[in-house]
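Notes for the structure review
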Amino acid sequence: MQRTPEPELMEAPHQVEAYASADFSASDAALLERFAGLCNQHACHAGREQVLIDLGCGPGNISERLAQAFPGSTVIGVDASSPMLAMARQRQASAMPPMGHVSYLQATLAQLVSPTTDSKPLPLGAASAVVSNSLLHHLHQPAQLWQATLRLAAPGALVLHRDLRRPDDPGAALALQDLHLGAAPEVLRRDYLASLHAAFTMTEVRQQLNDAGLHCLEVVEVNDRYLDVIGRLP
Ligand SMILES: C[S@@+](CC[C@H](N)C(=O)[O-])C[C@H]1O[C@@H](n2cnc3c(N)ncnc32)[C@H](O)[C@@H]1O
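A short tour of the structure in this document, coming up.

Cut-offs applied
- Residues numbered from 1 in each chain as written.
- Predicted model: local features only at pLDDT ≥ 70, side-chain atom pairs only at ≥ 80, totals over all residues.
- Heavy atoms only, no water.
- Helix = DSSP H or I, 4+ residues; strand = E, 2+ residues; numbered from the N terminus.
- Rg over C-alpha atoms; globule rule 2.2 N^0.38 Å.
- Buried < 20%, exposed > 50% of the residue type's maximum accessible area, 1.4 Å probe, protein only.
- Contact = heavy atoms within 4.5 Å.
- Areas by Shrake-Rupley, 256 points an atom, 1.4 Å probe, with all protein chains shown as cover.
- Lys, Arg positive; Asp, Glu negative; His and termini not counted.
- Charge placed at Lys NZ, Arg CZ, Asp CG, Glu CD.
- Core = buried A, V, L, I, M, F, W, Y, C linked by side-chain atoms within 4.5 Å.
- Pairing = 2+ DSSP bridges.
- Axes fitted to C-alpha atoms, helices over the stretch in contact; angles between N-to-C directions.
- 1 Å grid on protein atoms, 1.4 Å probe; cavity = no way out; pocket = protein on both sides within 12 Å on 5 of 7 lines; lining within 4 Å.
- Points joined across faces, edges and corners; volume = space filled by probe spheres on them.
- Nonpolar A, V, L, I, M, F, W, Y, C, P; charged D, E, K, R; others polar.
- Right-handed = clockwise from strand over helix to strand, strands pointing away.
- Salt bridge = Lys/Arg side-chain N within 4 Å of Asp/Glu carboxyl O.

The next thing to look at is the overall build of the protein. When helices and strands are counted, the protein shows nine helices and seven strands. Here the C-alpha radius of gyration of the protein, 17 Å, is about what a compact globule of 234 residues would show, namely 17 Å. The buried share among the 234 residues of the protein stands at 51%. Of all intrachain contacts in the protein linking residues separated by at least 6 positions in sequence, the fraction that spans at least 24 positions is 74%. Taken as a whole, the protein presents about 10,900 Å² of accessible surface, with 54% of it coming from carbon and sulfur. Looking at the protein, you have 16 positive and 24 negative side-chain charges, and the mean spots of the two groups are 4 Å apart.

This paragraph deals with the nonpolar core. Formed by 31 residues in total, the largest nonpolar core has its most connected members in Leu55 and Leu112. Of all the elements, helix α6 (residues 143–152) adds the most residues to this core, at four residues. In this structure Leu55 touches Val78, Leu109, Leu112, Val130, Val131, Ser132, Asn133, Leu135, Leu145, Ala148, Leu152 and His161, once residues within four positions along its chain are discounted. In this structure, Leu31, Phe35, Ala88 and Val102 belong to the second largest nonpolar core, which totals 25 residues.

With mixed pairing, the seven strands of this open sheet are ordered in space as β3-β2-β1-β4-β5-β7-β6. Since the sheet does not close on itself, it has two edges, and those belong to β3 (102–106) and β6 (217–222), each with one partner. The average angle at which neighbouring strand axes cross in this sheet is 20°, direction not considered. Note: strand β1 (residues 51–55) against strand β2 (residues 74–79), five bridges, orientation parallel. Residue pairing across strands places Leu55 opposite Val78, the latter belonging to β2.

Taken as a whole, the largest pocket holds about 1,000 Å³ of empty space. Lining the largest pocket we find 49 residues, and of these Met10, Tyr19, Ser134, His137 and His138 sit closest to its centre. Broken down by element, the lining of the largest pocket gets its largest block of residues, five residues, from helix α8 (residues 186–198). Split by residue class, the lining of the largest pocket holds 26 nonpolar, 14 polar and nine charged.

The next thing to look at is the pairing of β1. Counting buried residues along β1, four of its five residues qualify, which places the element largely inside the surrounding structure. Crossover connection from β1 via helix α3 (residues 61–69) to parallel β2: handedness right-handed. The sheet contact formed by β1 and strand β4 (residues 127–133) spans four bridges and is parallel. Paired with Leu55 across the two strands is Ser132, which belongs to β4.

Time to look at the pattern of salt bridges. Under the definition given, this model contains eight salt bridges. In this structure, Glu204 engages Arg166 in a salt bridge whose closest nitrogen and oxygen atoms are separated by 2.9 Å. Highlighted residues: Glu204 in helix α9 (residues 202–212) and Arg166 in the loop between β5 (153–164) and α7 (170–181), separated in sequence by 38 residues. Taking relative accessible area as the criterion, Glu204 reaches 28% and is therefore assigned partly exposed. For Arg166, a relative accessible area of 10% puts it in the buried group. Here Asp224 ties to Arg225 by a salt bridge, and the two come within 2.9 Å at their closest N and O atoms. For Asp224, a relative accessible area of 34% puts it in the partly exposed group. A relative accessible area of 14% means that Arg225 is categorised as buried. In this structure, a network of salt bridges that share partners links the residues Arg34, Arg162 and Asp228.

Right under this line is the structure:
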């Protein structure tokens, strides 16, 4: 089926509230396991002075897990939605034990990669890892994710971007919605279906990487609905 883009930012209060209250613990844990596997494969051990960037961090679920799994690293979650970042900061403030070493930055990907912005919101070429979870399908200009990755990452940085894959037809999208969000609140079910329709196929993502010159990254299928863009920069 053809791609139907959805709004980039998640800003509606009821949408943010429902998203932040949902239980994504199993899929979040799976992403962290994948990232730990990537670290082991490349014998990189995130530690002190390492900067890990979580793009499109939303309510901070992945940033928090990175900070817990790699104590000593500095984790920076980036999102352009104020209500999402308010939620992330609120969770950080009430975390027990305290999370430490996580900070949140409000910026669009366009701002991160703009060649005309004099002072960049983040230092360029300094991140030991750039990750995202469920960001790519939101983007109207997906090339911005690959430009941001290239500009923020240090040489040898690890990269892991996980996102939904677009199903072949609307029926397959409905079946995934029922299977994975059968009992979820309606606002989440609706957003999930829209996200499946907005997602890219593996072929489209491979073309994006090719256009960005990111030949070092692979696109791999993950279970029935995700794809990973994974690898290490030269
Ligand atoms: C589906 S949520 C994913 C949140 C989180 N990463 C997770 O794993 O649950 C996507 C997030 O990306 C943010 N986003 C979308 N487009 C963006 C852009 N162009 N620049 C910055 N953030 C963006 C949205 O505001 C939203 O918070």
